[in-house]
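Fold and contact review
What follows is the residue order along each chain.
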Amino acid sequence: MRKEEMKRRPFAGVAALAAALVLACAMSGCGASLKYDFPVRKTFVYSYAEGRQVEADDGELDDNIAWKKLLMKARVSQIPTKGTTIVKLTAHPPEGEGHATMGRSFGEAEVYIDRAGRHLEMRGSGLPPSINLYYLLPELPKKRVRRRAVWMEKSDVKIFNMDMSLELTKRYLGRERVNSILCHRIEGSGRYETERKAQDPESGSIVEVKLELEYKEDLWFAKNGYPVKMVVTQDRKRTMKDTASGLELIRRRDRVTTELMLMGTE
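Going along each chain's sequence as written, the residues are numbered from 1 onward. Only residues with pLDDT of at least 70 get local features here, since the model is predicted, and only at 80 or more are side-chain atom pairs given and counted; chain-wide, interface and lining totals rely on the full set of residues. Only hydrogens and water are set aside; all other atoms, that is, all heavy atoms of the structure, feed into the side-chain values.

Here we take up the overall build of the protein chain. Numbering of helices and strands runs from the N terminus; a helix is a DSSP stretch of H or I covering at least four residues, while a strand is a stretch of E covering at least two. The helix and strand tally for the protein chain stands at 2 helices and 11 strands. Along the protein chain, helices (α) and strands (β) appear in the sequence α-β-β-β-β-β-α-β-β-β-β-β-β when read from the amino end. Only protein chains enter the accessibility calculation, which uses a 1.4 Å probe; a residue whose area is less than 20% of its type maximum is buried, one above 50% is exposed, and one in between is partly exposed. Classification of the 266 residues of the protein chain by burial places 39% in the buried group. Across the protein chain, the fraction of contacts at a sequence separation of at least 24, relative to all contacts at a separation of at least 6, is 53%. Note on areas: these come from Shrake-Rupley sampling with a 1.4 Å probe, and a residue is covered only by the protein chains present in the view. For the protein chain, the exposed area adds up to about 15,900 Å²; of that, 51% sits on carbon and sulfur atoms. Any two residues having at least one pair of non-hydrogen atoms within 4.5 Å are treated as being in contact.

This is the structure:
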């Protein structure tokens, strides 16, 4: 056997094996690995809106949602080193609007994240306190995920204006396009409930305060490494009962919806 043939055959065997592995992976679904990879020196412009529906007298949520809108800009100025990305975030009023004293800037901050989106450090605290950084730079699954994969994960969310860690059931729903951008879609849901006793300042009686929350989030994360869209819905219910009589004194139910959407780049 000629030496040239002996050299080619091992190489051909390796190539055939690699092709077989690729085919098997494609057929079985080896899963996707989601990582942050913002293009450098490009500013991403997002709309950030929050609305609230309140329960009406008939027990249904009202149809009119009062939206609070902002423009958020995200920029990475240099290539990340050692897996850490510095994202500069700035907040602005919607196009065509401004603030009497703050003008066109509502503050800024530099957020240090790893490739999975975990927040390592933040410098500057100029962003409006109502903004949840988790919605702007959501954390990604730590492992490769396959279509319809389900796992449990703790996420930092804002519940009743309190920053808390909530355990969510996450689902990977595959790939979808949003405004022609190919994205990975992840859904998360969870429930939070707590009870505590307090003294009613008017009557002096002891009351039981119960807070209930149904939480749901949908994330569309670009295959190229940046968030494209996120919608978070919180169905909240607060009740207060007199512990002596069992009478329900106050019952409030509302729904808060927060939406982040990529509008373009600068």
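Here the narrative resumes, following the displayed structure.
One side-chain nitrogen of Lys or Arg within 4 Å of one carboxyl oxygen of Asp or Glu is enough to make a salt bridge. Counted by the stated rule, this structure contains 26 salt bridges. Linking Arg191 and Glu212 is a salt bridge whose minimum nitrogen-to-oxygen distance equals 3.0 Å. Taken as a pair, Arg191 in strand β8 (residues 181-199) and Glu212 in strand β9 (residues 206-222) lie far apart in primary sequence, 21 residues in all. Assessed through its relative accessible area of 42%, Arg191 is described here as partly exposed. Judged by relative accessible area, Glu212 falls into the buried class, the value being 12%. Residue Glu214 pairs with Arg191 through a salt bridge whose shortest N-O separation is 2.4 Å. Residue Glu214 is found in strand β9, and its partner Arg191 is found in strand β8; the two are separated by 23 residues along the sequence. If you follow the salt bridges from partner to partner, you end up with Arg191, Glu193, Glu195, Lys210, Glu212, Glu214 and Lys237 in one network.

The next point concerns the sheet that holds β9. Two modes of strand pairing occur in sheets, parallel and antiparallel, and in both the strands are linked by backbone hydrogen bonds. The strand order across the open sheet formed by 11 strands is β5-β4-β3-β2-β1-β11-β10-β9-β8-β7-β6, and the pairing between neighbours is antiparallel. Edge positions in the sheet fall to β5 (119-123) and β6 (150-159), since each has one partner strand and no second. Each strand axis lies, on average, 25° off the axis of its neighbour in the sheet, ignoring direction. Bridge count for strand β7 (residues 162-178) against β8 is 9 bridges, and the pairing is antiparallel. The partner of Gly174 across the bridge, within β8, is Arg185. Two strands form a pair only when DSSP identifies at least two bridges running between them. For helices, the fitted line uses only the C-alpha atoms of the stretch in contact; every axis is such a line through C-alpha atoms, and the angle between N-to-C directions lies from 0 to 180 degrees.

Right, let's get into a nonpolar patch on the surface. Patches here are clusters of residues that have more than 30% relative accessible area and form no salt bridge, with a 9 Å joining cutoff for like charges and a 5 Å cutoff for nonpolar side chains (Val, Leu, Ile, Met, Phe, Trp, Tyr). A cluster of nonpolar side chains, contributed by Leu247, Leu249 and Ile250, occupies part of the molecular surface with about 250 Å² of accessible area. For Ile250, the location among the structural elements is in strand β11 (residues 248-265). Residue classification places Ile250 among the partly exposed residues on the basis of a relative accessible area of 31%.

Let us now look at the confidence of the model for the protein chain. pLDDT is a per-residue confidence score from the predictor, ranging from 0 to 100. Overall, the prediction assigns the protein chain a mean pLDDT of 83, with 84% of residues at 70 or greater. Note that residues 3-12 has pLDDT below 50 and, in this model, 2 contacts with residues that lie over four places away or in other chains. Of the regions scoring below 50 in pLDDT, residues 14-29 engages in 4 contacts with residues more than four places distant in sequence or in other chains.

Right, let's get into the nonpolar core. Ranked by size, the top nonpolar core spans 51 residues in total, and within it Phe38, Tyr46, Leu89, Leu136, Leu137 and Tyr215 carry the most contacts. The element best represented in this core is β9, accounting for 6 residues. Residues grouped as a nonpolar core are buried Ala, Val, Leu, Ile, Met, Phe, Trp, Tyr and Cys residues, joined through side-chain atoms within 4.5 Å.

Attention now goes to the packing of aromatic side chains. Between the rings of Phe, Tyr and Trp (Trp by its six-membered ring), a pair exists once the centres lie within 6.5 Å; its type follows the angle of the planes, with under 30 degrees stacked, over 60 edge-to-face, and the other angles tilted. Throughout the structure, instances matching the rule amount to 6 aromatic pairs. Every member of this aromatic cluster is reached through a ring pair, and the members are Tyr36, Phe38, Phe44, Phe221 and Tyr226. Between Lys229 and the ring centre of Trp220, over which it is positioned, the NZ or CZ distance is 4.8 Å. Whether a charge sits over a ring comes down to the Lys NZ or Arg CZ being within 6 Å of the ring centre and within 35 degrees of the ring normal.

Turning our eyes to something else, we now look at the environment of Tyr112. Of note, Tyr112 is situated in strand β4 (residues 107-113). Distance from Tyr112 to Val87, taken between C-alpha atoms, is 6.4 Å for residues 25 residues apart in sequence. Sequence-distant contacts of Tyr112, that is, excluding residues within four places in its chain, are made with Thr84, Thr85, Ile86, Arg118, His119, Leu120, Glu121 and Arg123. A 3.5 Å cut-off defines polar contacts: any pair of N or O atoms within that distance qualifies, except that in protein one atom must be a possible hydrogen donor and the other a possible acceptor, and neighbouring residues in sequence count only when both atoms are side-chain atoms. At a separation of 3.1 Å, a polar atom in the side chain of Tyr112 contacts the side chain of Arg123.

Glycine aside, a negative phi is what most residues show, and trans is what most peptide bonds show. Of note in this structure, Asn179 is not a glycine but carries a positive phi near 50°. Tracing the backbone through its elements, the reader meets Asn179 in the loop between β7 and β8. Backbone geometry places Ser180, a non-glycine residue, at a positive phi of 70°. Within the fold, Ser180 resides in the loop between β7 and β8.

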